[in-house]
Amino acid sequence: MANSKIILLLGAIASCAAHFTVPNDDQDMSGLTVNSLPWDKRVEYMRKTNQALYSQSGPCPFAAFGAIIVNHTADEVVCEGANFRTGDPTIHGEISAINACTAKFTAMGMTPTQIYAAWGELSLYTNAESCPMCASAIRWAGFKEYIYGTTIQHNYNVGWGVMTLSSYDVFQQSRQLPGYQTVMLGQILTNETDPLFSWQYNASAPCPNGCFRIPSVARGGSTCSNTTATA
Ligand SMILES: [Zn+2]
């Protein structure tokens, strides 16, 4: 009797988890012209975000999180970043890109004050909605804009361990920070960003970008690769 109750309880917990909804996670800005930039331009730069990931980490990295920092006035990518799994837990794609720009601006002779001011003219693109750490960093920087593709909810649903606090909620609690108010645009080009995150914890999901399944010694099961070398 006790055992069946426990089984029922476990079943209830499992079904709750499967239906968990991240509050305020649906910020679909598809089609909108924001800060005078047409929708096509957002799609173009989200595609560049994925391309920056591929150039840094290959066509189907397990950690498929890429970010770029964009100067829309000059219509150019200023810096790139990705989650390089260095062992430093703070090096997510967004932090990686912020670090790259900080180093670049310092090398250009900009002072810390000038660098801090520069973020307010720049836009950060990330192919997946930022975790609370990175969303906080984006608000501390005071970026002009923050644009993301795949949602935290999507990645939760496909098996990623995530912090279930949406960027919307982080931003809502960040309104008293000094400086710029960062504009947030969500769910940009998800038809191309979602597949990058859908295969890691689901062996039946297709690999992106022409990659294929190979056995994974490191992770057990299989992983996606563009080479037959053991992973
Ligand atoms: Zn993060």
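Residues numbered from 1 in each chain as written. Predicted model: local features only at pLDDT ≥ 70, side-chain atom pairs only at ≥ 80, totals over all residues.

Enquirer: Just checking my understanding: could you explain the overall build of the protein for this structure?
Expert: Counting its regular elements, the protein contains eight helices and seven strands. For the protein, whose C-alpha radius of gyration is 19 Å, the value lies close to the compact-globule estimate of 17 Å for 231 residues. With the C-alpha coordinates of the protein rotated into their principal frame, the extents come out at 70 × 45 × 35 Å. Counting across all 231 residues of the protein, residues that qualify as buried make up 35%. Of all intrachain contacts in the protein linking residues separated by at least 6 positions in sequence, the fraction that spans at least 24 positions is 61%. (Helix = DSSP H or I, 4+ residues; strand = E, 2+ residues; numbered from the N terminus. Rg over C-alpha atoms; globule rule 2.2 N^0.38 Å. Buried ≥ 20, exposed ≤ 12 C-beta atoms within 10 Å, placed from the backbone. Contact = placed C-beta atoms within 7 Å.)

Enquirer: Please explain helix α8 (residues 190–197) as it appears in this structure.
Expert: In an α-helix, one turn spans 3.6 residues; hence positions three or four apart end up facing the same way. Of all the positions in α8, only Thr-193, Leu-196 and Phe-197 are classed as buried. Down the axis of α8, the sector holding all buried residues measures 90 degrees, keeping them to one side. Packing partners of the buried residues in α8 comprise α2 (39–57), β3 (123–128), β4 (145–150) and α6 (152–157). (Arc of directions from axis to C-beta.)

Enquirer: How should the UniProt feature "domain: CMP/dCMP-type deaminase" (unreviewed entry) in the protein be read in this particular structure?
Expert: As recorded in UniProt, the feature "domain: CMP/dCMP-type deaminase" (unreviewed entry) lies at residues 40–163. Along residues 40–163 one finds 45% helix and 20% strand; the C-alpha atoms at either end are 30 Å apart. (UniProt positions renumbered as here; feature names shortened; annotations may be inferred.)

Enquirer: For this particular structure, what's the right way to read the confidence of the model for the protein?
Expert: Interpretation of the predicted coordinates at a detailed level should be avoided for regions scoring low in pLDDT. Scored by pLDDT, the protein comes out at a mean of 91, with 91% of its residues at no less than 70. For the stretch residues 6–17, pLDDT sits under 50, and the model shows zero contacts to residues farther than four places along the chain or on other chains. (pLDDT = per-residue confidence, 0-100.)

Enquirer: I would appreciate a short explanation of the sheet that holds strand β5 (residues 183–185) in the present structure.
Expert: Within a sheet, adjacent strands bond to each other through the backbone by hydrogen bonds, running parallel or antiparallel. Pairing in this open sheet of five strands is mixed, and the strands run β2-β1-β3-β4-β5 from one edge to the other. Here the strands that pair on one side only, and so sit at the sheet edges, are β2 (76–82) and β5. Ignoring which end each strand starts from, the neighbouring axes of this sheet average 20 degrees apart. Taken together, the four bridges between strand β1 (residues 66–71) and β3 define a ladder with antiparallel strand orientation. Bridge pairing in β3 links Ile-68 to Tyr-125. Lying on the sheet, α8 is in contact with β3 and β4; it crosses β4 at an angle near 65 degrees. (Pairing = 2+ DSSP bridges. Axes fitted to C-alpha atoms, helices over the stretch in contact; angles between N-to-C directions.)

Enquirer: Can you help me understand the packing of α2 against α8 in this one?
Expert: Helix-helix packing is described using two parameters, namely the angle between the two axes and the distance between the axes. Axis separation between α2 and α8 bottoms out at 10 Å; the angle between their running directions is 25 degrees. Relative to α8, the element α2 lies roughly parallel. Crossing of α2 against α8: the hand is left-handed. Listed contacts from α8 to Met-46, Arg-47 and Asn-50 of α2 are Glu-192, Thr-193 and Leu-196. Taken together, the residues that form the contact of α2 with α8 break down as two nonpolar, two polar and two charged. (Parallel < 35°, antiparallel > 145°, perpendicular 65-115°, else oblique. Left-handed = near helix turned anticlockwise from the far one by under 90°. Nonpolar A, V, L, I, M, F, W, Y, C, P; charged D, E, K, R; others polar.)

Enquirer: In this structure, what is going on with the nonpolar core? I would like to understand it.
Expert: One broad trend across soluble globular proteins is that nonpolar side chains are buried collectively. Residues Ile-68, Ile-69, Ala-97, Leu-124 and Tyr-125 are the most contacted members of the largest nonpolar core, which totals 38 residues. If we skip the residues at most four places from it in the chain, Ile-69 touches Val-78, Cys-79, Ala-97, Cys-101, Leu-122 and Leu-124. (Core = buried A, V, L, I, M, F, W, Y, C linked by C-beta atoms within 7 Å.)

Enquirer: Teacher, can you tell me more about the pairing of β3 here?
Expert: Look at any regular strand and the pattern is simple: side chains alternate between the two faces of the sheet. Burial within β3 is extensive, with six of its six residues counted as buried. As judged from the five bridges shared by β3 and β4, these two strands associate in the parallel manner. If you follow Ala-128 over to β4, its bridge partner there is Thr-150.

Enquirer: So what exactly am I meant to see when it comes to unusual backbone geometry here?
Expert: Most peptide bonds adopt trans geometry, and most residues besides glycine take a negative phi value. The backbone phi angle of Asn-35 is positive, close to 50 degrees, even though this residue is not glycine. Counting through the fold element by element, Asn-35 comes out in the loop between α1 (2–18) and α2.

Enquirer: Honestly, the packing of helix α3 (residues 93–107) against helix α5 (residues 132–141) in this entry has me stumped. Any pointers?
Expert: It is at 9 Å that the axes of α3 and α5 come closest, and there the two elements cross at 30 degrees. Here α3 runs over α5; the crossing is left-handed. Note on element contacts: α5 touches α3 through Cys-134, Ala-137, Ile-138 and Ala-141, opposite Glu-94, Ile-95 and Ile-98.

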